[in-house]
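Each chain, letter by letter, is given below.
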Amino acid sequence: IEFRDESHVRHIIDRVVAPLGRRIDESSPMVDARLPDGSRVNAVIPPISLNGTLISIRKFRKTPFEMRDLLEFGSLDESMISFLESIVEAKLNVLISGGTGSGKTTFLNAVAKSIPVHERVITIEDSAELRLNRGSVVGMEARPANVEGSGEISIRQLVKNALRMRPDRIIVGEVRGAEAFDMLQAMNTGHDGSLSTGHANSTQDMLSRLETMVLQGSSGLPLEAIRQQIASALDIIIHLSRLRDKSRRTMEITEVVGYENGKILLNPLYVFEEDENSTLEKVSGSLKRTNNPMKNDFKLRISGYKTEI
């Protein structure tokens, strides 16, 4: 199937975005919107695009991946499933980090299935991608400004509003700016069990990025206070990566244990290790349990879970 010419592509884009109340022209040469089936469409036209009109459509599975699917893909092993289910059910605050295309949203969707069905969950996303398929979920999506520059609803505004909606859990699809401050505030004020994702190349890098994002939301805070906020808010950081053979693996599961001498203290619980079968073309290995015992096991104990993980 081919487009006849440039004007044909433009006509198709207009037909796609017009029913969504959006438009694309020289005054507004980019558009990002959600189609009725949940797919995301993005279009860019000249002069912003140097290669003619561009259109991208991201389609999602009708049936979301579950943890058993991740097990089959090799992203998890059997022992990890019970551990992840227990930390989610016990309301530990979990942040999933990773680079672009590492599977953060897919992983978040799978892990969130462990939330008890009677709990009221509020999801907040820049673009709606989560598919929790349960009755007690309330979803909110950010809205960009219109061509006049008004009408924007940011993720930060939605996080603040979510606190007034009696949530048992708050899931922020991805933190990327000032909303990180409000998310940490929520975690520190009784909204345990919150889940989110963030772009980073390592667990330590995720902490540094969080500091930068909090500064965007509250530039007057000293760095020490920000680090204390992060250390008291987060319980677990799960880092994912897309490896050289394009496989997506869980690289590290780390406990955030506190703040001391200007540093956030981390306690790695699981670390991915390659084995002798690895080659340049194919990665072979598994997530190994470290010798470090879990230190902050209070939430697990009061939820009735054994802490010998």
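As shown above, the structure is provided for reference.
As the structure is a prediction and not an experimental result, all values here were calculated from the model. Sequence order as written defines the numbering, with residues in each chain counted from 1. At least 70 in pLDDT is required for a residue's local features to be given in this predicted model, at least 80 for side-chain atom pairs to be given and counted, and no such filter applies to totals for whole chains, interfaces and linings, which use all residues. Hydrogens are left out, water is left out, and the side-chain values use all remaining heavy atoms of the structure.

Novice: I'd like a description of helix α3 (residues 78–89), backed by residues and values.
Specialist: The way it works is that DSSP assigns letters per residue, a run of H or I at least four long becomes a helix, a run of E at least two long becomes a strand, and they are numbered from the N terminus. Helix span is expected to be 1.5 Å times the residue number reduced by one. Between its first and last C-alpha, α3 extends 17 Å over twelve residues, near the 16 Å set by a 1.5 Å rise per residue. What α3 keeps buried is the set Met-80, Ile-81, Phe-83, Leu-84, Ser-86, Ile-87 and Val-88. At the C-terminal side of α3, Lys-91 shows a positive phi close to 65 degrees. Burial classes: relative accessible area under 20% of the type maximum marks a residue as buried, over 50% as exposed, and values in between as partly exposed (1.4 Å probe, protein chains only).

Novice: Tell me about the pattern of salt bridges, and name the residues and values.
Specialist: A pair is scored as a salt bridge if a Lys or Arg side-chain nitrogen falls within 4 Å of a carboxyl oxygen belonging to Asp or Glu. Evaluated as defined, the whole model comprises 16 salt bridges. Two residues, Asp-25 and Arg-23, come together in a salt bridge whose shortest N-O distance is 3.2 Å. Residue classification places Asp-25 among the partly exposed positions, given a relative accessible area of 25%. Between Glu-119 and Arg-169 there is a salt bridge whose closest N-O contact spans 2.6 Å. In this pair, Glu-119 sits in the loop between α4 (104–112) and β5 (121–125) while Arg-169 sits in strand β7 (residues 169–172), placing the two residues 50 residues apart along the sequence. Among the residues examined, Arg-169 registers a relative accessible area of 1% and is labelled buried.

Novice: Can you explain the packing of helix α7 (residues 203–217) against helix α8 (residues 223–233)? Please cite residues and give values.
Specialist: Running from amino to carboxyl end, α7 crosses α8 at an angle of 120 degrees, the nearest separation of the two axes being 10 Å. Between α7 and α8, the crossing angle belongs to the class labelled oblique. Remark: the crossing between α7 and α8 carries right-handed chirality. The segment α7 lies against α8, with Leu-207, Leu-210, Glu-211, Val-214 and Leu-215 engaging Leu-223, Ile-226, Arg-227 and Ile-230. Residue type decides the class: Asp, Glu, Lys and Arg count as charged, Ala, Val, Leu, Ile, Met, Phe, Trp, Tyr, Cys and Pro as nonpolar, and the leftover types, Gly among them, as polar. Considering only residue class, the contact of α7 with α8 consists of seven nonpolar, no polar and two charged. Note on geometry: axes are lines fitted to C-alpha atoms, helical ones only across the stretch in contact, with angles between N-to-C directions running from 0 to 180 degrees. Each angle is binned into one of four classes, with values under 35 degrees roughly parallel, values over 145 roughly antiparallel, values of 65 to 115 roughly perpendicular, and all other values oblique. Should the near helix be turned anticlockwise from the far one by less than a right angle, the crossing is left-handed, and should it be turned clockwise, the crossing is right-handed. Residue contacts follow a heavy-atom distance rule, with two residues in contact if any of their heavy atoms lie within 4.5 Å.

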